[in-house]
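Architecture at a glance
Here is how the chains run, residue by residue.
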Amino acid sequence: MTSPFVHLHIHTEFSLADGICRVKELVSAACDQSIPALAITDLANLFASVKFYKAALNAGIKPIIGSDVWLENPEDHNKPFRLVFLCQDQQGYRNLNQLLSRAHIEGQHSGRPCISKNWLTGNAEGLIVLSAALEGDLGFALAGNNSKQAKTIAENYQALFPDRFYIELQRTGQPHQEEYNHRAVELAQQTGLPVVATNHVHFLKQEDFETHEARVCIHDGRILADTRRPRRYTDQQYLRSPEEMVALFEDIPEAIENTLIIARRCNFAIKFGTYYLPDFPVPSGKTINDVLADDANTGMVRRIQDSENAGEVIDKAEYQTRLDLELKVIIDMGFPGYFLIVADFIRWAKNNDVPVGPGRGSGAGSLVAYVLGITDLDPIKYELLFERFLNPERVSMPDFDVDF
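So, a few notes on the structure that sits alongside this text. (Residues numbered from 1 in each chain as written. Predicted model: local features only at pLDDT ≥ 70, side-chain atom pairs only at ≥ 80, totals over all residues. Heavy atoms only, no water.)

Another point: the overall build of the protein chain. Helices and strands together make up the secondary structure of the protein chain, namely 13 helices and 8 strands. Nonlocal contacts in the protein chain, meaning residues at least 24 apart in sequence, comprise 74% of its contacts between residues at least 6 apart. Entry remark: accessible area of the protein chain is about 19,900 Å², with carbon and sulfur atoms responsible for 50%. Averaging the locations of the 39 positively and 55 negatively charged side chains of the protein chain gives two centres separated by 2 Å. (Helix = DSSP H or I, 4+ residues; strand = E, 2+ residues; numbered from the N terminus. Contact = heavy atoms within 4.5 Å. Areas by Shrake-Rupley, 256 points an atom, 1.4 Å probe, with all protein chains shown as cover. Lys, Arg positive; Asp, Glu negative; His and termini not counted. Charge placed at Lys NZ, Arg CZ, Asp CG, Glu CD.)

Below, the structure written as structure tokens:
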């Protein structure tokens, strides 16, 4: 890598609370600066991963996928810390997905999905971690001049992420930043931990700061003119050029050099073109094909009974022929699990007072979908074609349009 610096801490527009960097514009700006690699670390999510990955590769830039996560503060759940995770490989990406999913399901505190430090054990492989500067628990201890606590925290991370934990340094004009940086460098020397420089980027150009502040106010429910609102960001958090970053950290050159080392270590690749469907659990002694056929036939009996009770005349043979045909196509194409999974979450929604649409698009042409309860439109009654939805001569994933 010829560039002297790589940005490793960037919030895009997918950081719904505090980022306005649009992915394509971000990649374009990186190209203009001849940056060979770039990391996105959106707040508590990986929503931009695929879009960014494709855009970066197309532009000849090495994409690095990561996330800036909330870390549970056991002493005050309303004030969580932060950590920055970067994926080294496939295992790291899977572990980060696990951690973020669990945070959203189990770790909600004051509207923030938080990761418990206990969860890191067993989910640390393949992840490089940055300490999040002043916003991390390590930074909090250093800012409070609690060197003993800071050393303990650093050593714990060092044990969890051997040779993969970096003390993050920033110079974005935040209060107490230089005091923190001084103590952080001292701690790095004591523990042998490496330091790394970031600019915690939230917008592309310095003049975008006010626009970014408007975005933050929208999220926080405040107005720009509110003198009491917290000022959490500065106009320095833009996509600085490598030259600017080198000059900014000329007294700590290793913090710049380590950005390149980390970029070289992160080699996670997203593979496209292969579908991975979750396994639908089936009873012992039955196959997933048996379960689909049984559920579909049971559902058809119920649907026909409802129609006859409403005074309609039903040709049962026609329905059975159509059902058998659809089941054969679905099974031959390997999609029984897909139908059962969609039917399962729609059934759950209906049983838990979550309004669900009756079905639309080509999926409404499937009798199997109708008898499973995925849709509420009788495709035979309305002469809808199943082949528009699933066709063995045009192999593609089925795609139900579901409105909640």
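It is worth spelling out the packing of aromatic side chains at this point. For the structure on display, the rule yields 12 aromatic pairs. Between Y338 and F400, the ring centres sit 5.8 Å apart and the planes meet at 5 degrees, which makes this aromatic pair stacked. Residue Y338 is located in helix α12 (residues 336-351), and its partner F400 is located in the segment after α13 (367-372); the two are separated by 62 residues in the primary sequence. On the basis of relative accessible area, Y338 is assigned to the buried category, the value being 14%. (Phe/Tyr/Trp six-rings, centres within 6.5 Å; stacked < 30°, edge-to-face > 60°. Buried < 20%, exposed > 50% of the residue type's maximum accessible area, 1.4 Å probe, protein only.)

Phi is positive for A132, which is not a glycine, with a value near 70 degrees. When you line up the elements, A132 lands in the loop between β6 (127-130) and α4 (137-143). A positive phi angle, near 60 degrees, is found at N145, a position not held by glycine. Within the element layout of this structure, N145 appears in the loop between α4 and α5 (147-160).

Another point: helix α1 (residues 23-32). Restricting attention to buried positions, one finds in α1 the residues V23, L26, V27, A29 and A30. Buried residues of α1 fall within an arc of 160 degrees about the axis and therefore sit on the same side. In α1, the exposed positions angled more than 90 degrees off the buried face are occupied by K24 and D32. Elements that come into contact with the buried residues of α1 comprise β1 (37-43) and α2 (49-58). Positive phi shows up at S34, right after α1, with a value of about 55 degrees. (Arc of directions from axis to C-beta.)

This paragraph deals with α5. The end-to-end C-alpha distance of α5, which contains 14 residues, comes to 20 Å, matching closely the 20 Å that a straight helix rising 1.5 Å per residue would cover. Taken together, the buried positions of α5 are occupied by A150, I153, A154 and Y157. When α5 is viewed along its axis, its buried side chains cluster within an angular range of 100 degrees and face the same direction. Exposed residues on α5 whose side chains face more than 90 degrees from its buried face are K148 and A159. (Expected span 1.5 Å × (residues − 1).)

Moving on: the pattern of salt bridges. For the coordinates displayed, the defined rule picks out 21 salt bridges. Across the pair R171 and E178 runs a salt bridge whose closest N-O atoms are separated by 2.8 Å. In this structure E178 comes out as partly exposed when scored by relative accessible area, which is 42%. D226 is the partner of R222 in a salt bridge, and the nearest nitrogen-oxygen pair spans 3.1 Å. The network of salt bridges with shared partners includes D68, R82 and E135. (Salt bridge = Lys/Arg side-chain N within 4 Å of Asp/Glu carboxyl O.)

To continue, consider the pairing of strand β2 (residues 62-71). For β2, a buried count of 10 out of 10 residues is recorded, marking the element as mostly surrounded by other parts of the structure. A two-sided burial pattern is seen for β2, the buried positions comprising K62, I64, G66, D68 and W70 on one face and P63, I65, S67, V69 and L71 on the other. Here 7 bridges tie β1 to β2, and the two strands are oriented parallel to one another. Of the residues in β2, the one forming a bridge with L38 is P63. Crossover β1 to β2 through α2 is right-handed. Note: β2 against strand β3 (residues 81-87), 6 bridges, orientation antiparallel. Following the sheet pairing, G66 is matched in β3 by L86. Two strands pair when backbone bridges link them, and β2 and strand β5 (residues 112-115) are joined in this way by 2 bridges, in the parallel orientation. Paired with W70 across the bridge in β5 is C114. (Pairing = 2+ DSSP bridges. Right-handed = clockwise from strand over helix to strand, strands pointing away.)

This brings us to the environment of H7. Relative to the assigned elements, H7 resides in the segment before α1. By relative accessible area, H7 is classed as buried at 1%. For the pair H7 and I35, spaced 28 residues apart in the sequence, the C-alpha separation amounts to 8.6 Å. Contact partners of H7, with chain neighbours within four places excluded, come to I35, L38, A39, N199, V201, L239, R240 and M245. Here the side chain of H7 touches R240 through a polar contact of 2.7 Å, landing on its backbone oxygen. (Polar contact = N/O pair within 3.5 Å; in protein donor to acceptor, adjacent residues only side chain to side chain.)

Counting 66 residues, the largest nonpolar core has F85, L138, F161, I167 and L169 as the members making the most contacts within it. Judged by nonpolar contacts, the second largest core, of 33 residues, contains V291, Y319, A349 and I374. (Core = buried A, V, L, I, M, F, W, Y, C linked by side-chain atoms within 4.5 Å.)

Bringing the environment of P398 into the picture now. Residue position: P398 is located in the segment after α13. Between the C-alpha atoms of P398 and H77, which are 321 residues apart in sequence, the distance is 43 Å. With sequence-adjacent residues up to four places away left out, P398 is seen in contact with F335, Y338, F389 and L390.

Let's shift gears to the packing of α5 against helix α6 (residues 177-191). One can describe the packing of α5 onto α6 by two numbers: an axis separation of 11 Å at closest approach and a directional angle of 55 degrees. The angle between α5 and α6 falls in the class oblique. Once α5 is placed against α6, the crossing between them reads as right-handed. For the pair formed by α5 and α6, the contact residues are A150, K151, A154 and Q158 on the first element and L187, Q190 and T191 on the second. Partitioned by chemical class, the residues of the contact of α5 with α6 number 3 nonpolar, 3 polar and 1 charged. (Axes fitted to C-alpha atoms, helices over the stretch in contact; angles between N-to-C directions. Parallel < 35°, antiparallel > 145°, perpendicular 65-115°, else oblique. Left-handed = near helix turned anticlockwise from the far one by under 90°. Nonpolar A, V, L, I, M, F, W, Y, C, P; charged D, E, K, R; others polar.)

The analysis is restricted to geometry; functional conclusions fall outside its scope.
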